[in-house]
Amino acid sequence: MVTLAEVAQHAGVSASTVSYVLSGKRSISANTRQRVEQSIRELGYHPNAGARALASSRSNIIALMIPLRTDMYVPVMMEIAIAVATTARTHGYDVLLLTGEEGPDAVRRVTGSGLADGMILMDVELDDERLPLLRDTDQPAVLIGLPADTTGLTCVDLDFKATGALCAEHLATLGHRDVAVIGEAPAVYERHTGFAERTLDGLRSRGRELGLRLLHRPCEGGYDAMAVTLARILDERPGTTGFVVQNESAVEPLLALLRQQGRAVPEDVSVVAICPEQVAVQASVRLTSVAIPAQEMGRHAVEHLVAKLDGRGGDEVVLLAPELTVRASSGPAPAQ
């Protein structure tokens, strides 16, 4: 392993000069900086992380708390995580991934051990148990998600309430009046997970204004669960002509079941999904959808956290505006 002293000897400078170039704590002439940086590249020098942390009181690590639950669509979570990791690297930070369902204990572990300089928290619930600890600590943190009370917090998320409203408006404009919402697994609502609750709030409030009759049914996803859910919906509301799906694993089973029942999409029923772009365009019927901007959410979260670490950022809520893309799965309501 190449040492700092070897870099100094190669560049013809003192070890302290190399240290100043790396830390930026003192002004170094452009010519000297170039020599040191060239020696670092030629020798393949990498600063020792432990020594650097001791010297600077920083670990240059961001902790990402991303509980991987069986009732969540993991590909979206991982797309956000990748965006966090790649953006963090451009700012000189590495990412420590915490995937367990530890709740407040994970926050205590990070803040009490000095493992990381800051935290990004995902899978945020409306009354998240981690929030009191975040408000009591000086360690910078950003939430990817929106709790009920955002006081003293920095949050980044898709505006899911506006997303729900946008879906309601689209179907109402097409003449649909009976609309079924196929939601996430029941446990997601039992935990009062923010994105699911806010989507439902937007659908219901805008739906009332537009005269829609909404029926919400959670679904575990998969063919068998979707078959039971669809049968229940059509039994309770046989005139249903519009579906809003916020459950990626229910999308293809729903389309297959509608085909089996002789219900053509979009001639007989319309389907609007809240899902990643890839899910929408690769479905057996290209879905009208509101995309989940996973990469944008991850990038914004890191940039706000880095600003706080550098003393430039304050607490704020950043809601990304939803965009609905019309494809082949939505059309005018059939004549009664």
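What you see is a predicted model; the values in this text were computed from it and never measured.

1. Some thoughts on the domain arrangement of the protein
Think of interface size as the accessible area that goes away when the parts come together; that is how it is often given.
Consideration 1: Per the domain assignment, the segments of the protein are domain 1 (4-47), domain 2 (61-158 + 294-320) and domain 3 (160-291).
Consideration 2: Summarising the inter-unit geometry, the C-alpha centres of domain 1 and domain 2 are found 34 Å apart.

2. Remarks on the sheet that holds strand β3 (residues 118-121)
Consideration 1: If you trace the six strands from one edge of the open sheet to the other, you get β2-β1-β3-β4-β5-β11, paired in parallel fashion. On the outer flanks of this sheet lie β2 (94-98) and β11 (317-320), each paired with one strand and no other. Neighbour-to-neighbour, the strand axes of the sheet open up by a mean angle of 20°, direction not taken into account.
Consideration 2: Note that strand β5 (residues 155-158) and β11 share four bridges and pair parallel. Paired with L158 across the bridge in β11 is L320.
Consideration 3: The strands touched by helix α14 (residues 294-309) within the sheet are β1 (61-65), β3, β4 (141-144), β5 and β11, with β4 carrying the most contacts at an inclination of about 165°.

3. What about unusual backbone geometry?
Consideration 1: Backbone torsion omega between V265 and P266 reads 10°, so that peptide bond is classified as cis.
Consideration 2: Note on placement: P266 falls in the loop between α12 (248-260) and β9 (270-275).
Consideration 3: Positive phi, close to 55°, is recorded for D123, a residue that is not glycine.
Consideration 4: The phi dihedral of H192 is positive, around 55°, even though this residue is not glycine.
Consideration 5: Among the structural elements, H192 can be located in the loop between α9 (186-190) and α10 (194-210).

Parameters and conventions
Residues numbered from 1 in each chain as written. Predicted model: local features only at pLDDT ≥ 70, side-chain atom pairs only at ≥ 80, totals over all residues. Heavy atoms only, no water. Domains from an automatic or database assignment. Pairing = 2+ DSSP bridges. Helix = DSSP H or I, 4+ residues; strand = E, 2+ residues; numbered from the N terminus. Axes fitted to C-alpha atoms, helices over the stretch in contact; angles between N-to-C directions. Contact = heavy atoms within 4.5 Å.

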